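Given next are the chains, with one letter for each unit.
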Amino acid sequence: MTRLTIERVHRLSSRPWLFVTGQLEGDALRIGDELTVLDGGTPSGLAVVRSIELHAATSKTTVAVDVDVDVVDSIREGAVLARVS
């Protein structure tokens, strides 16, 4: 299973997406991947990957994601983005 455990969330007023940084486990992410947002282990919606940045020195990954308005509050530290199979 591919999972990104969120450690930081960045919101830029000039960009339409949320940027999340965390530890990626499993396979690489791809632009267009649909990820389930797990908040406390409970699925709360979907996020779609729009951009990916790898940070080799610290083994962190930052992705830009599109989410529905009702899911925005679930995108926070400790939440998990998991690939939809």
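Below, the structure is looked at part by part. (Residues numbered from 1 in each chain as written. Predicted model: local features only at pLDDT ≥ 70, side-chain atom pairs only at ≥ 80, totals over all residues. Heavy atoms only, no water.)

For the rest of this paragraph, the subject is the nonpolar core. One finds Ile6, Val20, Val37, Val63, Val65, Ile75 and Leu81 to be the most contacted residues of the largest nonpolar core, which totals 15 residues. For this core, the secondary structure elements donating two or more residues are strand E1 (3–11), strand E2 (18–25), strand E3 (34–39), strand E4 (42–55) and strand E5 (60–67). (Core = buried A, V, L, I, M, F, W, Y, C linked by side-chain atoms within 4.5 Å. Buried < 20%, exposed > 50% of the residue type's maximum accessible area, 1.4 Å probe, protein only. Helix = DSSP H or I, 4+ residues; strand = E, 2+ residues; numbered from the N terminus.)

For the rest of this paragraph, the subject is the sheet that holds E5. Reading around the barrel, the six strands line up as E1-E2-E5-E4-E3-E6 and close back on themselves, with antiparallel pairing between neighbours. Adjacent strand axes in the sheet meet at a mean angle of 45° when their direction is disregarded. One ladder, built from eight bridges, connects E4 with E5; its direction is antiparallel. Counterpart to Leu54 in the pairing with E5 is Thr61. (Pairing = 2+ DSSP bridges. Axes fitted to C-alpha atoms, helices over the stretch in contact; angles between N-to-C directions.)

Bringing the pairing of E2 into the picture now. Here E1 pairs with E2 via eight bridges, running antiparallel. Directly across from His10, in E2, lies its bridge partner Phe19. Count of turn residues in the E1/E2 antiparallel hairpin: six residues. Summarising the sheet, E2 and E5 pair through five bridges and their orientation is antiparallel. Residue pairing across strands places Gly22 opposite Thr61, the latter belonging to E5.

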